[in-house]
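# Tertiary structure, described
Listed here are the chains, written in short residue letters.
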Amino acid sequence: MRGIYIHIPFCARRCSYCSFVSGMPHDKMRLYVDALKREIDDRLVCGDDISTIYLGGGTPSVLYRGAISDILSAVRSKARVRADAEITVECNPDSVTDDFVAEILSADVNRVSVGLQTDNDELLKRICRPHDRAGFLRAWELLAPIKNKSIDLMLGLPAQTKEDLLSSLSLATLSDAPHISLYALKVEEGTPLYESGFAVDDDFEADLYDMAYEYLISHGYERYEVSNFCKNDMYSRHNSSYWDLTEYYGFGISAHSLLGGKRIANDDNIDKYILGNCDRFVEDSDAASEYIMLALRTAKGIDLDRLRGYGVDLLAEKNRKITEYIRQGFLINEKGFLRLNDHAFYIMNDIICDLM
Ligand SMILES: C[S@@+](CC[C@H](N)C(=O)[O-])C[C@H]1O[C@@H](n2cnc3c(N)ncnc32)[C@H](O)[C@@H]1O
Ligand code: SF4
């Protein structure tokens, strides 16, 4: 059983904080999609058992009509996509149209992730998003036939107040989104936001996160990963498979794969990719460290037996540190799993570093 990630590096415009490989010129779109189909045909193992597919970006909803169906057909003509496979497409409100929804429905897409970020129109303008609150509501209505939907929100945006975040959370919960991703803003070097000199206030971000956590829990959501909340077990199967070290293919520029115990990274040069000359960087995956790092971000935590299978007896090797974190109430060791206590997520990175 494997997953597939497909990277779409095009956007309507570039957001001020974004450091993803995105915003490529639209005149390269058709050639890029052709190259994607060739990569899928070359690298996907015939008859491979596929349980999740994720088209992310960038903004897959800005693709020309027919592109998403063609890409998914290329996958299906090679692999065995399970009848109950989770197939997600990321979209931005401004590019969700009738045609887009009709196309993804006919291509059997059964999950969408919508980038709202904030419902404050002033803030949206400030971070260069092309949609507004009303545009999100229009898109959400058009997407009604798809039940499995997620909303992306951000916290720590420039000038964002607690009230702004509460208003966005309220819109997301009133929209009855079964899944909400909540990302703390990272100011990445090279972005216009970084160049503007804006710096994140870590303490304020931690307060915003705590407030959002309490809000979502009190509205019936569970936190199953530090940035991911869902209702009625509607967690993202694709993202959960990353945290579980399930193997996956990554197609497209800058996409990563985990296959046969190797991490494979595609280069991000679109011109070389279109010509079929994508450079790939391969390294052995370090299953034990990756598992500790990823599993501790989840509510379930680290399966200590499974980690022993990767050659690490964590309780024995880090006994002193783990005992201390348990004594302080930050870690819980229960039923064979080591996990963070609910209120320890804000020091998660320190704990992970200590356990590596
Ligand atoms: C790569 S984007 C693609 C989705 C879509 N293009 C969009 O922006 O809505 C996935 C999500 O990552 C989050 N994100 C992007 N840049 C970020 C940053 N610098 N810090 C925190 N979250 C970020 C946003 O919430 C975004 O929805
Ligand atoms: S729309 Fe998404 S991927 Fe595109 S620039 Fe904005 S954050 Fe990045």
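For every chain, the first residue of its written sequence is number 1, and the numbers climb from 1 along that sequence. Chains carry letters and ligands carry numbers; both start at the beginning, A for chains and 1 for ligands, and go up in the order they are written. Per-residue local features of the predicted model are confined to residues with pLDDT of at least 70, and side-chain atom pairs are confined, for both listing and counting, to 80 or more; whole-chain, interface and lining totals are unaffected and use all residues. Heavy atoms from the whole structure form the basis of all side-chain values; hydrogens and water molecules are not counted.

### Topic: the site of ligand 2
Proximity criterion: a residue is near a molecule or strand once any of its heavy atoms comes within 4 Å of it. The environment of ligand 2 is made up of Cys11, Arg13, Arg14, Cys15, Tyr17, Cys18, Ser22, Gly58, Thr59, Asn92 and Arg129. Across the shell around ligand 2, the residue classes tally to 4 nonpolar, 4 polar and 3 charged. All amino acids are sorted into three groups, where Ala, Val, Leu, Ile, Met, Phe, Trp, Tyr, Cys and Pro are nonpolar, Asp, Glu, Lys and Arg are charged, and the leftover types, Gly among them, are polar.

### Section: the domain arrangement of the protein
Note that domain bounds follow an automatic or database assignment of domains. In terms of domains, the protein is made up of domain 1 (2–242) and domain 2 (302–355). Between domain 1 and domain 2, the C-alpha centre-to-centre distance is 31 Å. Whether two residues are in contact is decided by their heavy atoms: any pair within 4.5 Å suffices. At the interface, 5 residues of domain 1 touch 4 residues of domain 2. The term buried area denotes the loss of accessible surface (1.4 Å probe radius) that occurs when two parts are joined, taken as the sum for both partners. If you sort the residues of domain 1 by the area they bury against domain 2, Tyr213, Arg223 and Val226 come out on top, with a joint share of 68%. Throughout this description, the term salt bridge denotes a Lys or Arg side-chain nitrogen within 4 Å of a carboxyl oxygen of Asp or Glu. Counting every contact that joins domain 1 to domain 2 gives 1 salt bridge. Between Arg223 and Asp342 there is a salt bridge whose closest N-O contact spans 3.9 Å. Two N or O atoms form a polar contact when they lie within 3.5 Å of each other; inside protein one atom must be a possible hydrogen donor and the other a possible acceptor, and for residues adjacent in sequence the pair counts only when both atoms belong to side chains. Along the contact surface separating domain 1 from domain 2 lie 2 residue pairs in polar contact (both at pLDDT 80 or more). Under the DSSP-based scheme used, a helix requires at least four consecutive residues in state H or I and a strand at least two consecutive residues in state E, with every element numbered from the N terminus. For the side of domain 1 that touches domain 2, the element with the most residues is helix H8 (residues 202–218), which contributes 3 residues.

### Remarks on the layout of surface pockets
As a volume, the second largest pocket reaches approximately 530 Å³. The way it works is a 1 Å grid over only the protein atoms, where trapped points that fit a 1.4 Å probe form a cavity and open points with protein on both sides within 12 Å along at least five of seven lines form a pocket, and then any residue with an atom within 4 Å of a point lines it. Around the second largest pocket, the lining comprises 23 residues; the ones closest to its centre are Tyr235, Ser240, Ser241, Asp244 and Lys300. Broken down by secondary-structure element, the contributors of at least two residues to the lining of the second largest pocket are strand E1 (2–8), strand E2 (49–57), helix H9 (237–243) and helix H11 (287–295). Of the residues forming the lining of the second largest pocket, the biggest block, 4 residues, is contributed by H9. By residue class, the composition of the lining of the second largest pocket is 8 nonpolar, 8 polar and 7 charged. Counting the residues that make up the lining of the second largest pocket, at least three belong to each of domain 1 (2–242) and domain 2 (302–355). Grid points are joined across faces, edges and corners, and a volume is the space filled by probe spheres set on the points.

### Points about the sheet that holds strand E15 (residues 337–340)
Whether two strands pair comes down to DSSP finding at least two bridges between them. Sheet architecture is open: 3 strands sit in the order E13-E15-E14, paired in antiparallel fashion. Edge positions in the sheet fall to strand E13 (302–303) and strand E14 (331–334), since each has one partner strand and no second. Alignment of E13 against E15, held across 2 bridges, turns out to be antiparallel. The residue of E15 that forms the bridge with Ile302 is Leu338.

### Concerning the packing of helix H6 (residues 162–174) against H8
Each pair of packed helices gets described by two things: the angle between the helix axes and the distance between those axes. To obtain each axis, a line is fitted to C-alpha atoms, and for helices this fit is confined to the stretch in contact; angles are then taken between N-to-C directions over 0 to 180 degrees. Where H6 contacts H8, the two axes come as close as 10 Å, and the packing angle between them is 30°. Taken together, the axes of H6 and H8 are roughly parallel relative to one another. The two elements H6 and H8 cross, and the hand of that crossing is right-handed. Along its contact with H6, which presents Lys162, Leu165, Leu166, Leu169, Ser170 and Thr173, the element H8 presents Phe204, Asp207, Leu208, Met211, Ala212, Tyr215 and Leu216. Looking at the contact of H6 with H8 residue by residue, the class counts come to 9 nonpolar, 2 polar and 2 charged. Any angle that is under 35 degrees is reported as roughly parallel, and any over 145 degrees as roughly antiparallel; angles of 65 to 115 degrees are reported as roughly perpendicular and all others as oblique. Put simply, a crossing is left-handed when the front helix is turned counterclockwise from the back one by less than a right angle, and right-handed when it is turned clockwise.

### Section: the pairing of E1
Each residue is assigned to one of three classes by its accessible area relative to the maximum for its type, calculated with a 1.4 Å probe on protein chains only: buried under 20%, partly exposed between the two thresholds, exposed over 50%. In terms of burial, E1 is a largely internal element, 6 of the 7 residues being buried. As defined by bridge partners, E1 adjoins E2 across 7 bridges and the pair is classed as parallel. Paired with Ile4 across the strands is Ile53, a residue of E2. Note on handedness: a crossover is taken as right-handed if, strands pointing away from the viewer, the path from the first strand over the helix to the second is clockwise. Each parallel crossover has a hand, and for E1 linked through helix H1 (residues 29–43) to E2 it is right-handed. Here E1 pairs with strand E9 (residues 248–251) via 4 bridges, running parallel. Looking across to E9, one finds that Ile6 is bridged to Phe251.

### What about the environment of Ile40?
Within the secondary structure layout, Ile40 lies in helix H1. With relative accessibility at 0%, the residue Ile40 sits in the buried group. Residues Ile40 and Ala85 lie 45 residues apart in sequence; the distance between their C-alpha atoms is 18 Å. Setting aside residues no more than four positions away along its own chain, Ile40 makes contact with Ile6, Ile71, Ala74, Val75, Lys78 and Phe251.

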